[in-house]
Amino acid sequence: MIERIKGALSRCGIALWRINELTEETAELFFVRKQLDTRRIKDVHKYTVTVFRDVEGDKPGRGLTSVQLLPSMEDGQLDEELRGAYYAAQFAANPHYDLPDPVQAPPVEKAGELARAPLAESAGKMARALFAPDVHEDAFINSAELFISRSAHRILSSAGTDVSYADARVSGEFVVQCTQPEDVEMYHSFRYDQLEEQALSAKAEEALTFVRDRARAQRVLKSGTYDLVLSGNQVSAVLSYYVERSAASMVYARYSTWQRGETVQGETAGEGVELTLRATAPYSAEGIPMADLPLLHGGRLLAYHGPNRFCRYLEVQPTGSYEKMSCANGSLPFAQLKQGPCLWAVDFSDFQMDAMSGHFGGEIRLAYLIEDGKVTPVTGGSVNGSILEAQKDLAFSTERYLTARYDGPYALRLRGVSVAGQ
């Protein structure tokens, strides 16, 4: 199929191109309570072809368009799709930039049990890990979906790039329910790049605790300013502010004025943020070799990051696009972190972090009001904070939290955050 696509590109007169080949096998399990309801095996084999077209004018431009091709297509269909993509590329021109440097290397295999073991075996292990904490009478997992995927990637380009690598992921979602004294449900999702059985069991156990407390939560939260404790995915959401603001695309468009070497966290009496971008694959979709990239040290920006085009515009080495970050912070045990009056918000209807303004917030589904040595589960109200105001005094837990996209402290305490209550 690769040779057929190359032939079609030649017939269409397309000189600059990239081919991304994906072969993926996925095992899917669907549960109702603890009973397996449906099992599916899916195989996908597809090719994404990106064509580039140079546009003449006062200032040279370069446009691109991507199209997906299937092995079942006839040669005439390939030609038609590629001609259409090449025609469209002239209308999506950006200032000219050099394409990624060519790379040729032996195939890269992924280490670990998830990449080697049969899909059904890995799915069984993660399913058992998910349901292991489901032993309570008043709270239970009422449905779940589990996906184990193993994939092979190959990237070729007209410049001479030819690299390939293998990958494997586990992901899914589940709903926990408590029927008394109020019937409530809470949704959770997960994603790992290894067989993280212990992490998944801990997540399920915590979810069951939270839904039980949500069923008993009171609507007594008053409006005011609180020390806010966030945990789990909300911590990574807040920290994504620093990742997005340092992206080459944001800096080039001047949405971000951050400069490498400056302390972007400002003066702080708390912990200086320590962030590293983690390479979860050996190559980006553009064929750029990926490596771990230190991003912030003590709140000081060390690097820009992003796809080839924007890095070229900034005249920095292209890094590729990252999916995962790690945070090295963590100075206080969680029990100590939430001592003293605070609001530990654990579940939101839609928690968001706005990298443009620095504001974060969402509607509270479950939080714990901690004051005078008393812990009260509460629901209702909303959080409206600003990382620009709170970043001067951050405190992180020593306990860790792990997903496919985040490895860092489980919890974060921010001082003086506005909360709208009842």
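Residues numbered from 1 in each chain as written. Predicted model: local features only at pLDDT ≥ 70, side-chain atom pairs only at ≥ 80, totals over all residues. Heavy atoms only, no water.

A. Structural detail: the sheet that holds strand β11 (residues 300-301). Pairing within the open sheet is mixed, and its 6 strands lie in the order β11-β10-β9-β12-β20-β19. This sheet does not close on itself; its edge strands, each paired only once, are β11 and β19 (400-402). Pairing of strand β9 (residues 275-278) with strand β12 (residues 324-327) involves 4 bridges; the strand directions are antiparallel. Along β12, the bridge assignment pairs Thr276 with Ser326. Helix α6 (residues 233-245) rests against β9, β10 (293-297), β12, β19 and β20 (406-409) of the sheet, and its axis sits at about 100° to β12. (Pairing = 2+ DSSP bridges. Helix = DSSP H or I, 4+ residues; strand = E, 2+ residues; numbered from the N terminus. Contact = heavy atoms within 4.5 Å. Axes fitted to C-alpha atoms, helices over the stretch in contact; angles between N-to-C directions.)

B. Examining the packing of aromatic side chains more closely. Under the counting rule described, the total for this entry stands at 22 aromatic pairs. Each residue in the set Phe210, Phe334, Trp344, Tyr368, Tyr401, Tyr406 and Tyr410 is aromatic and connected to the rest through ring pairs, giving one cluster. Sitting above the plane of the Tyr86 ring, Arg53 keeps its charged end 4.5 Å from the centroid. A cation over a ring is seen here: Arg245 above Trp258, with NZ or CZ 5.8 Å from the ring centre. (Phe/Tyr/Trp six-rings, centres within 6.5 Å; stacked < 30°, edge-to-face > 60°. Lys NZ or Arg CZ within 6 Å of the ring centre and 35° of its normal.)

C. Structural detail: the environment of Val170. When you line up the elements, Val170 lands in strand β6 (residues 162-178). Taking C-alpha positions, Val170 is 8.5 Å from Met126, a pair spaced 44 residues apart along the chain. The residues touching Val170, leaving out its near neighbours within four places in the chain, are Leu114, Met126, Leu146, Phe147, Ile148, Phe190, Arg191, Tyr192 and Gln194.

D. View of the nonpolar core. Ranked by size, the top nonpolar core spans 101 residues in total, and within it Leu239, Tyr242, Leu275 and Leu343 carry the most contacts. Once residues within four sequence positions are removed from consideration, Leu275 is found in contact with Leu239, Tyr242, Val243, Pro294, Leu295, Leu296, Met325, Ser326 and Cys327. Grouped together as the second largest cluster of nonpolar side chains are 18 residues, Cys12, Val67, Leu82 and Ala85 included. (Core = buried A, V, L, I, M, F, W, Y, C linked by side-chain atoms within 4.5 Å. Buried < 20%, exposed > 50% of the residue type's maximum accessible area, 1.4 Å probe, protein only.)

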